[in-house]
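# Chains, contacts and geometry: an overview
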Amino acid sequence: MNILWFQSGGCSGCTLSFLGLEEMDLIEWSRSMQLNWLWHPSLTEHSGSETQAMLDAVLKDEIKLDIFCLEGSVIMGPKGSGRFHMLAGTETPAKELIERLSEKADYVLAVGTCAAFGGITASPPNTVEATGLQYDQNFAGSLLPTNFKSRAGLPVINISGCPVHPGWVAETIGLIRFQKLKTEHLDPYNRPRFYADKLVHHGCSRNEYYEYKASAVKPSDLGCMMEHMGCVGTVAHADCNERPWNGNGSCTKGGYPCVDCTSPDFGHLNHSYQETPKIGNIPVGLPSDMPKAWFIALSTLAKSATPKRLKINAISERIEISPEIKRKKL
Ligand code: SF4
Ligand code: SF4
């Protein structure tokens with residue numbers, strides 16, 4: 001399969017993340033998937049003129065484009081002209097090439113939250129008019145219209161994440177390779193369901209603290225980070241605690257709150273990422289499928305029953321009180 005990866009307005013973080021694919025060495029994995037990289041900023045070594053010739057051939061349908069990946073946001077400014085991001089040595093704005101390549105591809109992948117929804121690059125004041133490929137934050141319709149479908153009949157597949165998890169990219173490409181990715185496998189924001197139907201909260205090592213509302217108050221604490229530290233793992237769609245990063249890690253495991261980097265709103269918070277906005281004493285980002293009153297009632301009950309072990313450990317850097325061992329009778 002011919003695959004082309006184009007970088008636009010971003011930081012290259014998704015490329016770096018993808019290079020760290022762990023299931024298999026990336027080169028071996030590409031071979032096993034029979035991928036032919038027409039262009040990738042870190043995997044191919046074509047010169048500028050060779051690349052230009054390849055792009056011309058793709059646009060003339062002389063080379064088939066099976067998968068087109070966009071990394072980074074589309075730069076629309078100034079005033080929708082796209083002239084803030086021109087293709088080197090040409091008078092062509094990158095957004096024009098992105099649009100034309102999208103029309104030629106069987107599958108179009110927005111790799112990372114910038115490409116999918118605008119992300120950090122589109123954070124206010126967004127002077128470059130950055131946007132996602134088919135979404136502008138929550139709103140469908142952007143460079144590509146709402147009704148855009150690639151040649152295989154799918155909308156842009158939004159593999160959001162900041163950066164994207166390498167496993168999410170590899171699994172999406174694998175599903176495409178074996179013709180197993182259909183519209184019903186995408187969620188309402190066109191993210192692959194295999195990771196977007198999970199929540200970061202699933203499998204978090206701090207779940208016992210969450211159950212008893214034993215909360216961390218500073219970054220090195222062991223407790224749940226929802227109440228004070230800004231964690232929104234209970235509403236963030238991703239499998240980061242079931243499919244670890246770098247073999248074993250995740251944001252919450254490393255002591256950082258989940259900031260919901262797969263969300264269309266990522267990059268547009270109006271408060272610090274490491275604080276929990278509250279009304280009174282109640283966090284506003286409660287689990288979305290639970291009535292607030294129940295949550296408050298359960299939290300109050302849980303807090304009244306928190307074991308001393310969890311209360312103390314939650315605000316400690318290491319386990320201060322170990323779980324009790326029941327004495328066995330001889
Ligand atoms: S730290 Fe976040 S993801 Fe982990 S248990 Fe608490 S709310 Fe859930
Ligand atoms: S834990 Fe949350 S912030 Fe961290 S990578 Fe996963 S979705 Fe993004």
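Position labels on residues start from 1 in each chain and follow its written sequence. Think of it this way: whatever chain is written first is A, whatever ligand is written first is 1, and the rest follow in order. Owing to the predicted nature of the model, reporting of local features is limited to residues with pLDDT of at least 70; listing and counting of side-chain atom pairs is limited to 80 or more, with chain, interface and lining totals taken over all residues. Here the side-chain values reflect all heavy atoms present in the structure, with hydrogen atoms and water set aside.

It is worth spelling out the domain arrangement of the chain at this point. Where each domain begins and ends is defined by an automated method or by a domain database. The domain boundaries assigned to the chain delineate domain 1 (2-197) and domain 2 (202-318). Taking the mean C-alpha position of each, domain 1 and domain 2 sit 32 Å from one another. Any pair of residues with heavy atoms lying within 4.5 Å of one another is described as a contacting pair. The interface is formed by 26 residues belonging to domain 1 together with 17 residues belonging to domain 2. The buried area of a pairing is the accessible area, by a 1.4 Å probe, that goes missing from both parts when the two are put together, added over both. Taking both partners together, domain 1 and domain 2 bury about 1800 Å²; carbon and sulfur atoms supply 54% of that area.

Here we take up empty space enclosed by the protein. Cavities and pockets are defined on a 1 Å grid built over the protein atoms alone: a cavity is a set of grid points where a 1.4 Å probe fits but cannot escape, while a pocket is an open set with protein on both sides within 12 Å along at least five of seven lines, and lining residues are those with an atom within 4 Å of any such point. Grid points are joined across faces, edges and corners, and a volume is the space filled by probe spheres set on the points. Applying the stated criterion across every chain, the model contains one cavity of 30 Å³ or more. Empty space within the largest cavity amounts to approximately 110 Å³. As for the largest cavity, its lining consists of 13 residues, and the residues nearest its centre are His201, Cys204, Cys224, Cys231 and Gly233. Only Asp, Glu, Lys and Arg are considered charged, only Ala, Val, Leu, Ile, Met, Phe, Trp, Tyr, Cys and Pro nonpolar, and every remaining residue, Gly among them, polar. Partitioned by chemical class, the residues of the lining of the largest cavity number seven nonpolar, five polar and one charged.

Moving on, we come to the pairing of strand β5 (residues 107-111). Burial analysis of β5 places five of its five residues in the buried class, the great majority of the element. Burial along β5 is two-sided: the face carrying Tyr107, Leu109 and Val111 and the face carrying Val108 and Ala110 are both buried. Any two strands between which DSSP finds at least two bridges are classified as paired. Counting from the N terminus, the helices are DSSP H or I runs at least four residues long and the strands are E runs at least two residues long. Alignment of β5 against strand β9 (residues 157-159), held across three bridges, turns out to be parallel. Among the inter-strand pairings, Ala110 is bridged to a residue of β9, identified as Asn158. Summary of the burial criterion: residues with accessible area below 20% of their type's maximum are buried, those above 50% are exposed, and those between are partly exposed, where the area comes from a 1.4 Å probe applied to protein chains only.

One number sums up the size of the largest pocket: a volume of about 480 Å³. If you trace the largest pocket, you find 25 residues lining it, with Val232, Val235, Asp260, Ser263 and Asp265 closest to the centre. For the lining of the largest pocket, the class distribution of residues is 13 nonpolar, eight polar and four charged. There are two domains that each give the lining of the largest pocket at least three residues, and those are domain 1 (2-197) and domain 2 (202-318).

On to the site of ligand 1, then. Whether a residue is near a molecule or strand depends on its heavy atoms: if one lies within 4 Å, it is near. Every residue lining ligand 1 is accounted for by His201, Cys204, Arg206, Asn207, Tyr210, Cys224, Met225, Met226, Cys231 and Gly233. Each molecule is assigned to a cavity or pocket provided more than half of its atoms lie within 2 Å of the corresponding grid points. Put simply, ligand 1 lies in the largest cavity. Considered class by class, the residues forming the shell around ligand 1 number six nonpolar, three polar and one charged.

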